[in-house]
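Residue-level structural notes
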Amino acid sequence: MKRPLEPSAEGRGRIVGITDGVFAIALTLIVLEIRVPSHEAVHSEGELLGAILALAPRFLTYALSFLTLTIFWFGQQAQHGLIAKSDRRLATLNLCFLAFIALLPFSTDLLADFLEFRIAVLVYWLNLLMLGATLFASWWYADRNDMIAEDVDAETRRTVYNRIVKAQALWAVGAALCLITPLLSIGFILLVQLIYAAAPRASLLRKLIG
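Now for a look at the structure at hand. (Residues numbered from 1 in each chain as written. Predicted model: local features only at pLDDT ≥ 70, side-chain atom pairs only at ≥ 80, totals over all residues. Heavy atoms only, no water.)

**Considerations on the nonpolar core**
Among the nonpolar cores identified, the biggest contains 44 residues, and Phe72, Phe97, Ile101, Leu111 and Trp171 are the most heavily contacted of them. Going through the elements one at a time, helix 1 (9-32), helix 3 (56-82), helix 4 (88-113), helix 5 (118-144), helix 6 (154-176) and helix 7 (182-198) are the ones with two or more residues in this core. Broken down by element, this core gets its largest block of residues, 10 residues, from helix 5. Each residue touching Phe97, except ones within four places of it in the same chain, is listed here: Phe23, Phe72, Gln76, Leu131, Thr134 and Leu135. (Core = buried A, V, L, I, M, F, W, Y, C linked by side-chain atoms within 4.5 Å. Buried < 20%, exposed > 50% of the residue type's maximum accessible area, 1.4 Å probe, protein only. Helix = DSSP H or I, 4+ residues; strand = E, 2+ residues; numbered from the N terminus. Contact = heavy atoms within 4.5 Å.)

Laid out in C-alpha cells, this is it:
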C-alpha cells in the first residue's frame, strides 16, 4: 500500500501541471498593471503621447518581471526534467516557490509606483531571493532523497546549484546598488535578467552563469 509521503512519478506530474497554471496567471497579472490612459484626461495628440510616456516605469517593471518569470519558469522546468518523482514535502516546497511567483505582480506594481524608493527595490529583491531560496531548497531536497533521475550525473547536479547561487549573488549586488540610486539598482538587475535570457545564444555569457 502506498503511503502519503512515498515518492511517486504521479506526484511530480501534478506539480508540473499546477506550476504552468500559476506562471500563466502571474504573466497575465503583470501586464494588467499597464492601464490605457483615461479618455477623459486626453484631448490631443500631445496629451496622449505624454500619457503614454508617463507609463514608462510600468513598461520597465513589466519587462523586468517578464524576464524574471521567464527565467524562473525555465529554471523550474529544467529541474522538473531532472527529477523523476516527488512526495508531499517536495510538493510543499514547490508550492512555496509558486507562492512567491504569485507575489511577483504585487512587488512589480509596488516598484512601478515607487521607482525612486529604495524600499520598493528591496521588496522586489526579497521576492527574487525567496524564489531562489525555495527553488534551491526543492532541488536540495530532491537530491538528498534520491528523487533525481538515475541518468543525471554529479556535474549536472552541481550546475543546478551553481546557477541558482550565482544568480542570487548577482541580484544581491543589484539590490545593494540602490544605496547609490534605485534606478542604478533596477538597471543592473535588468541587465542580469537579459544576460540569463541571452545565455543560450552566447557562450561567453554562459560562462558567467555557470
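**Remarks on helix 4**
Between the first and last C-alpha of helix 4 there are 38 Å, a value that for 26 residues agrees with the 38 Å anticipated at 1.5 Å per step. All buried positions along helix 4 are accounted for by Leu90, Asn94, Phe97, Leu98, Ile101, Leu104, Pro105, Ser107, Thr108, Leu111 and Ala112. The opening residue of helix 4 is Asp87, an N-cap whose side-chain oxygen sits 3.2 Å from the backbone nitrogen of Arg89. (Expected span 1.5 Å × (residues − 1). Polar contact = N/O pair within 3.5 Å; in protein donor to acceptor, adjacent residues only side chain to side chain.)

**Examining helix 5**
If you check helix 5, its first and last C-alpha atoms are 38 Å apart, about what 27 residues at 1.5 Å a residue would give, namely 39 Å. Within two residues after helix 5, Asp146 carries a phi angle of roughly 55°, on the positive side.

**Things to note about empty space enclosed by the protein**
Going through the model one piece at a time under the given rule, you end up with two cavities of 30 Å³ or more. Of the pockets and cavities examined, the largest cavity occupies roughly 50 Å³. In terms of lining, the largest cavity is formed by Ile30, Glu33, Ile34, Arg58, Thr61, Tyr62, Thr108, Asp109 and Ala112. Only helix 3 and helix 4 provide two or more residues apiece to the lining of the largest cavity. Of the residues belonging to the lining of the largest cavity, the class tally is four nonpolar, two polar and three charged. (1 Å grid on protein atoms, 1.4 Å probe; cavity = no way out; pocket = protein on both sides within 12 Å on 5 of 7 lines; lining within 4 Å. Points joined across faces, edges and corners; volume = space filled by probe spheres on them. Nonpolar A, V, L, I, M, F, W, Y, C, P; charged D, E, K, R; others polar.)

**Overview of the packing of aromatic side chains**
Applying the stated criterion across every chain yields a total of seven aromatic pairs. With centroids separated by 6.0 Å and ring planes inclined at 40°, the aromatic side chains of Tyr62 and Phe66 adopt a geometry described as tilted. One end of the pair, Tyr62, and the other, Phe66, are both in helix 3, four residues apart, so they sit about a helical turn from each other. Owing to a relative accessible area of 36%, Phe66 belongs among the partly exposed residues under this scheme. (Phe/Tyr/Trp six-rings, centres within 6.5 Å; stacked < 30°, edge-to-face > 60°.)

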